[in-house]
Amino acid sequence: MGYTFVLVHGSWHDNSAWAPVIARLEELGHRAFAPTVAGHEPGGNKGVSHADCVASVVDYIARKDLKDFVLVGHSFGGTVIQPVAEQLAARIRRLVFWNAFVLQDGESLEDNVPPHYKALFAQIAQPDGGVMLPYPIWRDAFINDADGDLAKQAYDTLSPTPRRSHTDKVPLKTFFSLEIPKSYLNCTEDTALPPGADFGWHPRMSSRLGLYRLVQMPGSHEVIFTNPRLLAEKLVEAGRD
Amino acid sequence: MGYTFVLVHGSWHDNSAWAPVIARLEELGHRAFAPTVAGHEPGGNKGVSHADCVASVVDYIARKDLKDFVLVGHSFGGTVIQPVAEQLAARIRRLVFWNAFVLQDGESLEDNVPPHYKALFAQIAQPDGGVMLPYPIWRDAFINDADGDLAKQAYDTLSPTPRRSHTDKVPLKTFFSLEIPKSYLNCTEDTALPPGADFGWHPRMSSRLGLYRLVQMPGSHEVIFTNPRLLAEKLVEAGRD
Amino acid sequence: MGYTFVLVHGSWHDNSAWAPVIARLEELGHRAFAPTVAGHEPGGNKGVSHADCVASVVDYIARKDLKDFVLVGHSFGGTVIQPVAEQLAARIRRLVFWNAFVLQDGESLEDNVPPHYKALFAQIAQPDGGVMLPYPIWRDAFINDADGDLAKQAYDTLSPTPRRSHTDKVPLKTFFSLEIPKSYLNCTEDTALPPGADFGWHPRMSSRLGLYRLVQMPGSHEVIFTNPRLLAEKLVEAGRD
């Protein structure tokens, strides 16, 4: 049976990196849609709010009239699919958080990152509201499983991310009582958040989901670049009934 | 050299699920025996005590006159092989805990699970003393690596487990001074207990063994259904000298 | 592009175990050098200090006039490459800690191991200053992924390690401000230190590095014996730009 996937990217990304993932999903008999979240396109409006980000994905789904889909969020994308699920619960078959933030009611993304990241982003934010990820952090903490050439090529596809998407508090009044099944896909070498009980992805974020299905695969935060075929296969394992 | 294995199943299981594991062990030149623990057969007496469970395995081993064997316990089965080891230490070559409870003296299994599981089992216990595992928990937390069809087929082989096997306190006066070598086999996607320091299998349970050999494999709590051949191979790695 | 590796072994080892790792690195187009740390050769002076160990590696690098190399430390070797990096920073392209200690300024290796290990080593230290690792610990906690024959053969290549290399406090006044990139290679079944937040290798040791690149591979503390080819390949992933 084929599933429909809606794929929500993370910070510094737009929808373009999903292309090889979508190709593999289609080979496997599924279909997939990937919006670019408001403000995340290169040259976009870096002053958008978190609510603008959420609205852009809700609008995308409404415009395409998508139903009965598996909704996937990567990293920052987790903070988007949570409010989208509150608004579109009846259309969603399952939620998949792939090394994604799972916010508690009223938190921002930055409430969940280590102090040194918060301080860094405050320092390097640009006047237009965008903030770029420094290359050394990308190279060693985000895409640690790439060789140097791929690390650079992939970095060239990134663009500044709207800082308010990290700092706005996100109301989540009904998310934790929604009856949508949930999965967490964890890449075992993902160090974009420092591994460990204090700041790691799993089980810190995953356990907030209550009952959830765990799927793991080897790789960094950016297997979308380093292993997109296996990522697609694991999204199926995470998303299927 | 061929080893002899005695395989003790977990809750909701009987001995039938071991069949493909035993077949693979035999292919590799070993032999294996798998009792059904008292009260665990479909339609059995769900009022049995933990001591009854232990006695049934001791009796099985005595009846078959097994010696010099590797004694394996899965999940609840860990709470059985601990007292069996106290009674039959001289017959046991090595103990293998496969995502199994390792009780401290005087604890019950339920003393080692999260409060929400305790509350759930109290609520859904049946008058005859049995308690069944709800399918949604099975699907997402126990057999997360199966597809939907296998998850359902495997669920159909389960039966209610005797609740006293989870709630009886188990005396373990000599276990931690026995000189039997010990191994812990951990499946890295096992979420039957919530991953993490508070309630996870490894290293919370494994570290109680003192000096032990760690073996890991990918998969859920129920690789006995999803990957029995690799399970057998890893039991050999865990059980060999 | 070929890299130059300098490989610093752990306790109870000398440089001989690196041979198959070096062979594989050379096949892949790299070159590698492996000193024996002072006092670590069989029959060597077991009374050497930690500073003697460090000096012997600094001297080796100077004597061979090695430059622009990736400096790798395994286990105890981590405590050696830290002061070597302080002295030879300009020659080092990247530091790789492979299941290695990362000391904080003024600590000894033994300050970072569980009390039961400290007590054991104090008890079994020999009059000449050497201390041997007992076979049961080697078999189950260090080389858990070997079969019994390989475990014994590898043990026969070990020799007593100089105890002061574990107990001397190591001054590290500049290490944590050096701008050398750093990687941590973690073997996922390494139980030479007990897994978990209190005493485990990763992320307890790795996180001390600040920004670092994580690489993982399956295997025990002693993949140098059980999987040297993959170890070499992972050292390249850890060491490359």
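Sequence order as written defines residue numbering, which begins from 1 separately in each chain. Chain letters and ligand numbers both follow the written order, the letters beginning at A and the numbers at 1. Selection of residues for local features in this predicted model requires a pLDDT of at least 70, selection of side-chain atom pairs for listing and counting requires 80 or more, and totals for whole chains, interfaces and linings are taken over all residues. Only hydrogens and water are set aside when side-chain values are computed; all heavy atoms of the structure are taken into account.

**Topic: the overall build of chain A**
Part 1 of the reasoning: Numbering goes from the N terminus for both helices and strands, where a helix is a DSSP run of H or I of at least four residues and a strand is a run of E of at least two. For chain A, the helix and strand inventory stands at nine helices and eight strands.
Part 2 of the reasoning: Throughout, radius of gyration means the C-alpha value; the globule benchmark is 2.2 Å times the number of residues raised to the power 0.38. Rg of the C-alpha trace for chain A: 16 Å, near the compact-globule value of 18 Å for 241 residues, within the 12% margin.
Part 3 of the reasoning: For every residue, the accessible area obtained with a 1.4 Å probe (protein chains only) is divided by the maximum for its type, and the residue is called buried under 20%, exposed over 50%, and partly exposed between those limits. Classification of the 241 residues of chain A by burial places 62% in the buried group.
Part 4 of the reasoning: Contacts spanning at least 24 positions in sequence make up 75% of the contacts within chain A whose residues lie at least 6 apart.
Part 5 of the reasoning: For chain A, the exposed surface amounts to about 8600 Å²; the carbon and sulfur share of it is 52%.
Part 6 of the reasoning: For the purpose of charge, His is not counted, nor are the chain termini; Lys and Arg are scored as positive and Asp and Glu as negative. To locate a charge, the coordinates of NZ of Lys, CZ of Arg, CG of Asp or CD of Glu are taken. Averaging the locations of the 23 positively and 28 negatively charged side chains of chain A gives two centres separated by 5 Å. The contact rule is simple, with two residues in contact once any of their heavy atoms fall within 4.5 Å. With residues, only the protein chains shown are counted as cover, and all accessible areas are computed by Shrake-Rupley using a 1.4 Å probe.

**Things to note about the relation of the copies chain B and chain C**
Part 1 of the reasoning: The fit set for superposing copies consists of C-alpha atoms from residues with pLDDT of at least 70 in both; the fit itself is least squares. It takes a turn of 120 degrees to lay chain B on chain C, together with a shift of 0.0 Å along the axis; the resulting RMSD is 0.0 Å. Such a turn and shift between the copies fits a three-fold axis. Taking C-alpha positions as reference, the residue of chain B nearest the rotation axis is Ala-197 of chain B, located at 4.7 Å.

**A short note on the sheet that holds strand E1 (residues 4-8) of chain C**
Residues and elements named next belong to chain C.
Part 1 of the reasoning: When DSSP finds at least two bridges between two strands, those strands are taken to pair. What the six strands build is an open sheet, ordered E2-E1-E3-E4-E7-E8; its pairing is parallel. Edge strands, defined here as strands with exactly one partner in the open sheet, are strand E2 (31-33) and strand E8 (213-217). Averaged over neighbouring strand pairs, the angle between their axes works out to 25 degrees when direction is ignored.
Part 2 of the reasoning: Sheet analysis places E1 next to strand E3 (residues 69-74), joined by five bridges and oriented parallel. Bridged to Val-8 within E3 is Gly-73.
Part 3 of the reasoning: Packing of helix H3 (residues 77-88) onto the sheet brings it into contact with E1, E3 and strand E4 (92-98), and relative to E4 it is tilted by some 165 degrees. Lines fitted to the C-alpha atoms define the axes, with helices restricted to the stretch that makes contact. Angles between their N-to-C directions range from 0 to 180 degrees.

**Observations concerning the interface of chain B and chain C**
Part 1 of the reasoning: Facing the 12 residues of chain B at the interface are 15 residues of chain C.
Part 2 of the reasoning: Defined in terms of a 1.4 Å probe, buried area is the accessible area two parts forfeit on being brought together, summed over both. Surface buried jointly by chain B and chain C totals about 1000 Å² across both partners, of which 50% is contributed by carbon and sulfur atoms.
Part 3 of the reasoning: Looking at the side of chain B facing chain C, the largest losses of area belong to Leu-211, Leu-214 and Arg-240 of chain B, adding up to 43% of the total buried there.
Part 4 of the reasoning: What counts as a salt bridge is simple: a side-chain nitrogen of Lys or Arg found within 4 Å of a carboxyl oxygen of Asp or Glu. One can count two salt bridges joining chain B with chain C.

**Quick look at the packing of aromatic side chains**
Part 1 of the reasoning: By convention, a stacked pair of Phe, Tyr or Trp rings (six-membered ring in the case of Trp) has centres within 6.5 Å and planes under 30 degrees apart, an edge-to-face pair has planes over 60 apart, and any other such pair is tilted. Enumeration according to the criterion identifies 33 aromatic pairs over all chains in this entry.
Part 2 of the reasoning: Note on Trp-12 of chain B and Phe-121 of chain B: the rings are 5.8 Å apart at their centroids and 45 degrees apart in plane angle, and the pair reads as tilted. With Trp-12 of chain B in the loop between strand E1 (4-8) and helix H1 (19-27) and Phe-121 of chain B in helix H4 (residues 115-124), the pair connects residues that are 109 residues apart, well separated along the chain. Just as Trp-12 of chain B is buried, Phe-121 of chain B falls in that class too.
Part 3 of the reasoning: Ring geometry for Phe-175 of chain C against Phe-176 of chain C: centres 4.9 Å apart, planes inclined by 90 degrees, an arrangement best described as edge-to-face.
Part 4 of the reasoning: Taken together, Trp-12, Tyr-117, Phe-121, Tyr-135, Trp-138, Phe-142, Tyr-155 and Phe-225 of chain A form an aromatic cluster joined through their ring pairs.
Part 5 of the reasoning: The ring of Phe-175 of chain A carries Lys-182 of chain A above its face, with NZ or CZ at 5.8 Å from the centroid. To sit over a ring, a charge needs its Lys NZ or Arg CZ within 6 Å of the ring centre and within 35 degrees of the ring normal.

**Topic: the environment of Tyr-117 of chain B**
Residue and element names in this part refer to chain B.
Part 1 of the reasoning: By the element assignment, Tyr-117 lies in helix H4.
Part 2 of the reasoning: The exposure class assigned to Tyr-117 is buried, which follows from its relative accessible area of 9%.
Part 3 of the reasoning: For Tyr-117 and Thr-167, which are 50 residues apart along the polypeptide, the C-alpha to C-alpha distance reads 12 Å.
Part 4 of the reasoning: Excluding anything up to four places from it in sequence, Tyr-117 contacts Ile-137, Ala-141, Phe-142 and Ala-192.

**Thoughts on unusual backbone geometry**
Part 1 of the reasoning: With an omega dihedral of 5 degrees, the bond running from His-202 of chain B to Pro-203 of chain B counts as a cis peptide bond.
Part 2 of the reasoning: For Ser-75 of chain A, which is not glycine, the phi torsion reads 60 degrees and is therefore positive.
Part 3 of the reasoning: With respect to the helices and strands, the residue Ser-75 of chain A is situated in the loop between strand E3 (69-74) and helix H3 (77-88).
Part 4 of the reasoning: Residue classification places Ser-75 of chain A among the buried positions, given a relative accessible area of 10%.
Part 5 of the reasoning: For Trp-12 of chain B, which is not a glycine, the phi torsion comes out positive at approximately 70 degrees.

**Comments concerning the pattern of salt bridges**
All names here are of chain A.
Part 1 of the reasoning: Within this structure, the stated rule accounts for 45 salt bridges over all chains.
Part 2 of the reasoning: Note that Glu-110 is salt-bridged to Arg-163, the shortest N-O span being 2.7 Å. Of this pair, Glu-110 sits in the loop between strand E4 (92-98) and helix H4 (115-124) while Arg-163 is found in the loop between strand E6 (161-162) and helix H7 (164-167), placing the two residues 53 residues apart along the sequence. For the pair formed by Glu-110 and Arg-163, the shared burial category is buried.
Part 3 of the reasoning: Linked by salt bridges that have partners in common, Arg-24, Glu-27, Arg-229 and Glu-233 make up one network.

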